[in-house]
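Tertiary structure, described
Below, each chain spelled out in residue letters.
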Amino acid sequence: QTEVNKVNLRQTVERLAMSMPVTDMHTHLYAPEFGELLLWGIDELLTYHYLISESIRWSEEEYSHFWSMTKREQADWIWQTLFLDHSPVSEATSGFITILTRLGFDVSSRNLDDYRQVLAKRSVNEQVDIVMQIAGIDKIVMTNDPFDSIERSVWLSGNGKKDPRFYAALRVDTLLNDWPVAVKELQNLGYDVQMEWSKQTIEETRRFLTEWIIRMDALYLAVSMPGDFEYPAEDHRSKMIDEVMIPVCQGQNIPFALMIGVRRKVNPLLGLAGDMSMRSDVSAVEALCRRYPEQKFLITMLARENQHELTVLARKFRNLMIFGCWWFLHIESIVEEMTRFRVELLGTSMIPQHSDCRVFEQLIYKWEHSRKIIAKVLADKYEKLHYSGWNVTEEEIKRDLDDLLNQNFWHFLGKGQ
Ligand code: RAT
Ligand code: ZN
């Protein structure tokens, strides 16, 4: 057993946190088999929706002007606006600089075309390997929607499960949040459902979910909910959860992930960049956890105001696993604040981060930035223990990091090693 002394404690924690392989349990990334759905490279990185909303703040043109440009032109404009006309100090812009640096580019040249040319020589498969290696990620959970026709054909052809580094999560937003559209989609796929809630519709919707969980080998069912989500309520969502989602999850023995607190299309002119956060009522999660003690819930919330209460709730229910610092919370100051009070309230029994990446190389910055913060918070706690005479060993630090970055997720799924 390696004793870690006070002098090298912080360095040891940082070194181990930076190198521990990671399971990224929620992303919007795809395996290479999914073709055009897998986004990567300079232009995709620069047109990330987080950067679109930051750059359009500086523009005086109509919103439609931005959307009328080609992707390449949008990327050039965002580069000019956020990196040259102003300094890239925000999380998403500084993240792009981290990516360039780690990919080995000379950021001082500020020459976008050089970077583009190097990547143009790479195949997507090469880039996926390189990025996963640099970022230290070995397992990636995708977000999968059978209502997306491009994606569906990959699954139906049997190519969806070829790459063992990628796992599926079945996304059910349309079923819960847009039932009229879901009915049409289900009917097109041959499921005998109707708008009105009947025994037949319930059974067919269950059959749809069960078949797709099996086809994708989905690790969990996932949905994003608006901040005004209530449970229980006299509404479509409660019926769908009680009569379809929970029975299906229990039948397949998988968790149900709820990401709560989005307000979609606050500014529709911004497209994907136009969504906002919204405060939610944590008692919906409480009611679910109490009513279904055998069902596991993976929960993240978008409003900063909900975080402390949600963390306290996790002390009350072992079937509740909180995860990640989601979206607008995925910024250094808030990741640090959240990680700190989560550790103080729950020890290491939570999932501190997921990346939510949409573009492959983002794995590099999202994880590098978060690993540093996780290391800092843990080092503070170990240092305090050290002063009391309790010395953690290197093996114990590794164990704790492995729990946080991998095992808590897999154990919760019942698939721990
Ligand atoms: O973080 C994001 O990129 C958002 O646009 C959403 O995709 C969110 O993470 C979600 O999963 O709904
Ligand atoms: Zn997401």
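Residues numbered from 1 in each chain as written. Chains lettered and ligands numbered in written order. Predicted model: local features only at pLDDT ≥ 70, side-chain atom pairs only at ≥ 80, totals over all residues.

Some words on the overall build of the chain
If you tally the helices and strands in the chain, you get 18 helices and nine strands. Rg of the C-alpha trace for the chain: 22 Å, near the compact-globule value of 22 Å for 417 residues, within the 12% margin. Reported as C-alpha extents along the three principal axes, the dimensions of the chain are approximately 65 × 60 × 40 Å. (Helix = DSSP H or I, 4+ residues; strand = E, 2+ residues; numbered from the N terminus. Rg over C-alpha atoms; globule rule 2.2 N^0.38 Å.)

Some thoughts on the packing of helix 1 (residues 6-19) against helix 17 (residues 362-387)
Remark: helix 1 packs on helix 17, axes separated minimally by 9 Å, with the N-to-C direction vectors making an angle of 150°. Overall, the two elements helix 1 and helix 17 adopt an arrangement that is roughly antiparallel. Seen along the crossing, helix 1 lies across helix 17 with a hand that is right-handed. From helix 1, Lys6, Leu9, Arg10, Val13, Glu14, Ala17 and Met18 reach across to helix 17, where they touch Arg371, Ile374, Ala375, Leu378, Ala379, Tyr382, Glu383 and His386. Tallied by class, residues from the contact of helix 1 with helix 17 come to nine nonpolar, one polar and five charged. (Axes fitted to C-alpha atoms, helices over the stretch in contact; angles between N-to-C directions. Parallel < 35°, antiparallel > 145°, perpendicular 65-115°, else oblique. Left-handed = near helix turned anticlockwise from the far one by under 90°. Contact = placed C-beta atoms within 7 Å. Nonpolar A, V, L, I, M, F, W, Y, C, P; charged D, E, K, R; others polar.)

Description of the pairing of strand 2 (residues 137-141)
Across three bridges, strand 1 (residues 22-24) lies against strand 2 in parallel orientation. Bridge pairing links Thr23 to Lys139 in strand 2. (Pairing = 2+ DSSP bridges.)

Digging into helix 6 (residues 91-102)
For helix 6, built from twelve residues, the straight-helix expectation of 16 Å at 1.5 Å per residue is met to within 8% by its first-to-last C-alpha distance of 16 Å. Packed against the buried residues of helix 6 are helix 2 (42-46), helix 3 (49-56), helix 5 (71-84), helix 7 (112-120) and helix 17. Backbone geometry just after helix 6 places Gly104 at a positive phi near 90°. (Expected span 1.5 Å × (residues − 1).)

Let's talk about helix 1
Along an α-helix, residues three or four positions apart point the same way, because every turn accommodates 3.6 residues. Spanning 14 residues, helix 1 covers 21 Å between terminal C-alpha atoms, matching the ideal 20 Å at 1.5 Å per step. Packing partners of the buried residues in helix 1 comprise helix 17 and helix 18 (394-412).

Quick notes on unusual backbone geometry
For the peptide bond that leads from Tyr231 to Pro232, omega is -5°, which places it in the cis range. With a phi angle near 60°, Asn253 is a residue other than glycine that sits in the positive phi range. Within the secondary structure, Asn253 is located in the loop between helix 13 (236-252) and strand 6 (256-263).

Structural notes on the environment of Ile254
You can see Ile254 is positioned in the loop between helix 13 and strand 6. Distance from Ile254 to Leu156, taken between C-alpha atoms, is 22 Å for residues 98 residues apart in sequence.

Comments concerning the sheet that holds strand 2
Read across the open sheet, the three strands follow the order 1-2-3; overall the sheet is parallel. A strand with exactly one partner marks an edge of an open sheet, and here the two such strands are strand 1 and strand 3 (166-167).

Note that every value here comes from positions in space, so none of it alone points to a role or purpose.
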